[in-house]
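Close look at the chain arrangement
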Amino acid sequence: MTISVYYQVFLSILVYNIFRGIKVHIRLKELRKERGMKLKDVAEAMGVTVRAISRYEEGTREPSVEMIIKFCKLYEVSADYLLGLEDETGTKL
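We now turn to the structure provided with this report. (Residues numbered from 1 in each chain as written. Predicted model: local features only at pLDDT ≥ 70, side-chain atom pairs only at ≥ 80, totals over all residues. Heavy atoms only, no water.)

Attention now moves to unusual backbone geometry. Of note in the backbone geometry, Glu76 takes a positive phi value of approximately 55° without being a glycine. Structurally, Glu76 can be placed in the loop between helix H5 (65-75) and helix H6 (79-82). (Helix = DSSP H or I, 4+ residues; strand = E, 2+ residues; numbered from the N terminus.)

To continue, consider the environment of Ile53. With respect to the secondary-structure elements, Ile53 resides in helix H4 (residues 50-58). Residues Ile53 and Lys29 lie 24 residues apart in sequence; the distance between their C-alpha atoms is 9.3 Å. The contact partners of Ile53, leaving out residues within four places of it in the chain, are Leu39, Val42, Ala43, Met46, Val48 and Phe71. (Contact = heavy atoms within 4.5 Å.)

This next bit is on the side chain of Arg32. Considering the arrangement of structural elements, one finds Arg32 in helix H2 (residues 24-34). The contact partners of Arg32, leaving out residues within four places of it in the chain, are Met37, Lys38, Leu39, Val42, Glu57 and Tyr75.

This part covers the layout of surface pockets. Reported here for the largest pocket is a volume of approximately 190 Å³. What lines the largest pocket is simply Tyr6, Val9, Phe10, Ile13, Val65, Ile68, Ile69, Ala79, Asp80 and Leu83. Elements with a minimum of two residues in the lining of the largest pocket: helix H1 (3-20), H5 and H6. If you tally residues by element for the lining of the largest pocket, the top one is H1, at 4 residues. When its residues are assigned to classes, the lining of the largest pocket shows 9 nonpolar, no polar and 1 charged. (1 Å grid on protein atoms, 1.4 Å probe; cavity = no way out; pocket = protein on both sides within 12 Å on 5 of 7 lines; lining within 4 Å. Points joined across faces, edges and corners; volume = space filled by probe spheres on them. Nonpolar A, V, L, I, M, F, W, Y, C, P; charged D, E, K, R; others polar.)

Take a look at the structure:
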């Protein structure tokens, strides 16, 4: 798959989640807090600014496909969980 295909899939999932009420930004903030990390810790691990992480968590900016992959690796969760397609147990919603 090319990046453009990944981007199309990402946009489809994002729109789906918006209509279902699943908020990626809420999951991002929950995951950071559960792991006892500060915005600065996440920003350094992700190679972005603190403001960028803050905007993702506020929901004023949507993460790119590449950022979603980085978040999944950092927090050790699946993209399906992060995007609201499965719960904590891995059960598809």
